[in-house]
Amino acid sequence: MPPLPRLSGVHPILYAYYLADGRLDRAALERQVDLCLAAGCQGIAVLGLVTEVFRLSTDERLDIVAWAAARIAGRVPLMATVAEVSVHGQLDFIAEAKARGADWVVLQPPPVKGVAEAGILRFLGAVADRAVLPVGIQNNPLMMDVSVSDAALLALHRNHPNIRFMKAEGAAVSVAEFALEASKTCDVFAGHGGLEWPTALRSGCQGLIPAPELVDAQVEIWRL
């Protein structure tokens, strides 16, 4: 895969809203895109891990990717979280997300309890090696039942070069050692709701993937 520019800055992850009849509200998604772009964000993400990705159908997730990409129109990169529970399912989703305009995808350990860490790493590596888009890994031990160690994440990146960024979830002081090491060779994004954004920057993170409510202030912190 050809070299890509390093990612940094604020990439807010948008919400899915619904109409009264239960269909997704495209206008509400487009309004979020407009507001985030007006605030000067450096990228946009969709299909949040904690908020919604496991609660949407595959068709709904792909619609959100397509609608966001159409509204962004290439002005900033678009990330999409992948939620399928098999390697083939994830690869199929990634291929379709690319066709609909995604630039990057975000993987996380599949939500299957009792799987050894080595098995999780094999799963993520198999997806990353065959994915048609560059891959990021979100590891969220604070919010999810399945996670892997920082050492495993660093090894995963070394062994699978299509893994281009990591999302370091947790308090800035607890992710600092991982972020400083990982940032030598890949992009590291903070999460944790953006609660410690300035400290996360000092801890080695280059970017933030927050909810969109405070994107204007978060972009200004980044600018300063």
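Up top is the structure these notes are about.
Treat the numbers as computed from the prediction; the structure is a model and nothing was measured.

K.L.:
Account for the side chain of glutamate 52, naming residues and giving values.
P.N.:
Within the element layout of this structure, glutamate 52 appears in the loop between strand E2 (44–46) and helix H2 (58–72). Buried and without a salt bridge, glutamate 52 has arginine 55 as its closest oppositely charged side chain, separated by 8.1 Å. Among the polar contacts made by the side chain of glutamate 52, one reaches the main-chain amide nitrogen of alanine 16 at a distance of 2.9 Å. In this structure glutamate 52 touches Leu14, Tyr15, Ala16, Leu47 and Ile64, once residues within four positions along its chain are discounted.

K.L.:
Break down empty space enclosed by the protein for me, citing the residues and quoting the values.
P.N.:
In this structure the tally under the stated criterion is three cavities of 30 Å³ or more. Volume-wise, the largest cavity comes out at about 60 Å³. Forming the boundary of the largest cavity are 14 residues, of which Gly170, Ala190, Gly191, His192 and Ala200 lie nearest the centre. Looking at the lining of the largest cavity, the elements that each hand over two or more residues are helix H6 (172–182) and helix H7 (197–202). Each residue belonging to the lining of the largest cavity can be placed in one class, and the counts come to nine nonpolar, four polar and one charged.

K.L.:
Go over the pairing of strand E4 (residues 104–107) with me, naming the residues and quoting the values.
P.N.:
Across the two faces of E4 the burial is the same, with Trp104 and Val106 and Val105 and Leu107 all buried. Pairing geometry for strand E3 (residues 78–81) and E4, over three bridges, is parallel. Following the sheet pairing, alanine 80 is matched in E4 by valine 105. After leaving E3, the chain enters helix H3 (residues 87–99) and then returns to the sheet as E4, a path that is right-handed. In terms of strand pairing, E4 meets strand E5 (residues 135–139) through three bridges, oriented parallel. Among the inter-strand pairings, valine 105 is bridged to a residue of E5, identified as valine 135. Once you follow E4 into helix H4 (residues 117–130) and on to E5, the crossover reads as right-handed.

K.L.:
Can you explain the sheet that holds E4? Please cite residues and give values.
P.N.:
Taken together, the eight strands give an open sheet; going across it, the order is E1-E8-E7-E6-E5-E4-E3-E2, and neighbouring strands pair in parallel fashion. With one partner strand each, in any of the chains shown, strand E1 (9–10) and E2 form the two edges of the open sheet. Its contacts with the sheet put H2 on E2 and E3, and the angle it makes with E3 is roughly 170 degrees.

Parameters and conventions
- Residues numbered from 1 in each chain as written.
- Predicted model: local features only at pLDDT ≥ 70, side-chain atom pairs only at ≥ 80, totals over all residues.
- Heavy atoms only, no water.
- Helix = DSSP H or I, 4+ residues; strand = E, 2+ residues; numbered from the N terminus.
- Buried < 20%, exposed > 50% of the residue type's maximum accessible area, 1.4 Å probe, protein only.
- Lys, Arg positive; Asp, Glu negative; His and termini not counted.
- Salt bridge = Lys/Arg side-chain N within 4 Å of Asp/Glu carboxyl O.
- Polar contact = N/O pair within 3.5 Å; in protein donor to acceptor, adjacent residues only side chain to side chain.
- Contact = heavy atoms within 4.5 Å.
- 1 Å grid on protein atoms, 1.4 Å probe; cavity = no way out; pocket = protein on both sides within 12 Å on 5 of 7 lines; lining within 4 Å.
- Points joined across faces, edges and corners; volume = space filled by probe spheres on them.
- Nonpolar A, V, L, I, M, F, W, Y, C, P; charged D, E, K, R; others polar.
- Pairing = 2+ DSSP bridges.
- Right-handed = clockwise from strand over helix to strand, strands pointing away.
- Axes fitted to C-alpha atoms, helices over the stretch in contact; angles between N-to-C directions.

Any link to function would need more than the numbers given here.
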